[in-house]
Amino acid sequence: AALAEAIFEATDEVSAAFAGDKTVVEKVTRLHKHAVRSAGQHYAPLLTRLLTQIDARFASLPHSSYMYLTAACVTAFARHADAIEPLAVTVQSLARAVLTVLATGDAESTAALVQEHPDMTEDFFRMMSRAFEEMPHATFRLEHPIVPSTIDVAAVAVRVRHAQANRSVFAFLEAFFEAARPAKRGGEIPPERMAVLQPVLHEHVPAVVSGLVAALCGALPEWTIDDPDGGMAPVVYQLARLAPDECGAMLDASLAAALPESVLGAEGRAQFVADVVGCRDRNSVARPLYMMADLARRALGP
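Draft legend 1. How the structure looks around the overall build of the protein chain. From N to C terminus, the protein chain includes 16 helices and zero strands. The C-alpha radius of gyration computed for the protein chain amounts to 20 Å, which stays within 12% of the reference 19 Å derived for 302 residues, consistent with globular compactness. The principal-axis extent of the C-alpha atoms belonging to the protein chain is close to 65 × 40 × 30 Å. In the protein chain, which comprises 302 residues, the proportion classed as buried is 50%. Sequence-distant contacts, at least 24 apart, represent 73% of the contacts inside the protein chain between residues at least 6 apart. In the form shown here, the protein chain has an accessible surface area of approximately 14,000 Å², with 53% of it arising from carbon and sulfur atoms. Of the charged side chains in the protein chain, 26 are positive and 36 negative, and the gap between their average positions amounts to 5 Å.

Draft legend 2. Main features of the pattern of salt bridges. In the structure shown here, the tally under the stated rule is 11 salt bridges. With a shortest N-O distance of 3.7 Å, arginine 79 and glutamate 134 are connected by a salt bridge. Taken together, the residues arginine 79 in the loop between α4 (65–77) and α5 (81–102) and glutamate 134 in helix α7 (residues 118–134) connect sequence positions 55 residues apart. The exposure class of arginine 79 is exposed, given its relative accessible area of 75%. With a closest N to O distance of 2.2 Å, aspartate 123 and arginine 126 form a salt bridge. Highlighted residues: aspartate 123 and arginine 126, both in helix α7, separated by three residues, approximately one helical turn. Residue aspartate 123 shares its accessibility class with arginine 126, and that shared class is buried. Each of the salt bridges in this network shares a partner with another, and the network as a whole consists of Glu222, Asp294, Arg297 and Arg298.

Draft legend 3. Fine view of the packing of aromatic side chains. Within the structure shown, the criterion is met by nine aromatic pairs. Ring plane angle 55° and centroid distance 6.0 Å describe the contact between phenylalanine 132 and phenylalanine 172, whose orientation is recorded as tilted. With phenylalanine 132 in helix α7 and phenylalanine 172 in helix α10 (residues 163–180), the pair connects residues that are 40 residues apart, well separated along the chain. Its relative accessible area of 2% is what places phenylalanine 132 among the buried residues. Put simply, the rings of Phe124, Phe125, Phe132, Phe140, Phe172, Phe176 and Phe177 touch in pairs and so form one group of aromatic residues.

Draft legend 4. Region of interest: the environment of proline 145. The residue proline 145 is located in the loop between α8 (136–140) and α9 (146–157) in this model. Accessibility expressed as a relative area gives 41% for proline 145, which makes it partly exposed. Separated by 88 residues in sequence, proline 145 and alanine 233 place their C-alpha atoms 27 Å apart.

Draft legend 5. A look at the nonpolar core. By size, the foremost hydrophobic cluster in this structure holds 104 residues, and its most contacted members are Met128, Leu173 and Phe176. Look past the residues within four positions of phenylalanine 176 in its chain and what remains in contact with it is Phe132, Phe140, Val147, Ile151, Leu197 and Val200.

Draft legend 6. Summary view of the layout of surface pockets. Roughly 360 Å³ of volume is contained in the largest pocket. Contributing to the lining of the largest pocket are 15 residues, with Glu26, His63, Ser64, Ser65 and Asp123 lying nearest its centre. Its residues assigned to classes, the lining of the largest pocket comprises five nonpolar, four polar and six charged. The volume enclosed by the second largest pocket comes to roughly 240 Å³. Every residue lining the second largest pocket is counted, 16 residues in all, and those nearest its centre are Glu174, Asp227, Pro228, Pro234 and Arg282.

Draft legend 7. Representation of the packing of helix α12 (residues 205–219) against helix α14 (residues 244–258) within the structure. Across the interface, α12 lies against α14 with an axial gap of 9 Å and an inter-helix angle of 50°. When the interaxial angle is binned, α12 and α14 end up oblique. Relative to α14, α12 is oriented so that their crossing is right-handed. For the pair α12 and α14, contact is made by Val205, Pro206, Val209, Ser210, Val213 and Cys217 and by Met250, Leu251, Ser254, Leu255 and Ala258, respectively. The class makeup of the residues in the contact of α12 with α14 is nine nonpolar, two polar and no charged.

About the thresholds
Residues numbered from 1 in each chain as written. Predicted model: local features only at pLDDT ≥ 70, side-chain atom pairs only at ≥ 80, totals over all residues. Heavy atoms only, no water. Helix = DSSP H or I, 4+ residues; strand = E, 2+ residues; numbered from the N terminus. Rg over C-alpha atoms; globule rule 2.2 N^0.38 Å. Buried < 20%, exposed > 50% of the residue type's maximum accessible area, 1.4 Å probe, protein only. Contact = heavy atoms within 4.5 Å. Areas by Shrake-Rupley, 256 points an atom, 1.4 Å probe, with all protein chains shown as cover. Lys, Arg positive; Asp, Glu negative; His and termini not counted. Charge placed at Lys NZ, Arg CZ, Asp CG, Glu CD. Salt bridge = Lys/Arg side-chain N within 4 Å of Asp/Glu carboxyl O. Phe/Tyr/Trp six-rings, centres within 6.5 Å; stacked < 30°, edge-to-face > 60°. Core = buried A, V, L, I, M, F, W, Y, C linked by side-chain atoms within 4.5 Å. 1 Å grid on protein atoms, 1.4 Å probe; cavity = no way out; pocket = protein on both sides within 12 Å on 5 of 7 lines; lining within 4 Å. Points joined across faces, edges and corners; volume = space filled by probe spheres on them. Nonpolar A, V, L, I, M, F, W, Y, C, P; charged D, E, K, R; others polar. Axes fitted to C-alpha atoms, helices over the stretch in contact; angles between N-to-C directions. Parallel < 35°, antiparallel > 145°, perpendicular 65-115°, else oblique. Left-handed = near helix turned anticlockwise from the far one by under 90°.

Here you go:
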């Protein structure tokens, strides 16, 4: 603990002296990340100070490594009740700043910004996926419109070719849909969570499914379907478990828009939807997705 505090004091001075130096920021945040992971609970007394520093530094220089560090803090400390609130405050602060850049409200502009800022996109969605995985109750309570705006950016980013950013976006969507489900089989979604989820599911997720279908039909390479580090198949599986009827309707509508009737008619779409929604585990979802990607490739070309 004493060593961690000494390192913190030294890096704080360095960060203040070289606040605008991106190389210094990367090295200092990497040092903190390893300290958090290595020291574990011995780092807990420094957590609030570190999060305060992250907020302040990110406001002056929005470097993606601050979000990577925040994700590491969430993983390390989210199971401690007294750490959840300061973690949520930092996640909210950083998310608000990133969405000011990426969430333009226009898909074409957002796609261009995602391509321009792939590191920001990757680390933002990594941070948000960790937040939904480790502290879903607090993350669903983030100020409006952080959650729906994040979904909107994800809907665009799923079809933009950048391997690491794609993995991060898919991991986020998987975590979001899984966190939205009841904690126990047959249980009910808490009312405060449902208040966030319902409008997101009906007003924002259809664009995500449209993006996934576009990715499946050639916007992304086929290996992204079941990439173990973040792929399409787990996203579709978790959405189908959360809302099978809505998922089926969204897939049908998106496929009807993406592929001509002569290539995939109503009967074929219905069979595909049944195959996807009926899958019993995340691995088996990949098979119908690969079959659809192959059909689209043969019909539309590479």
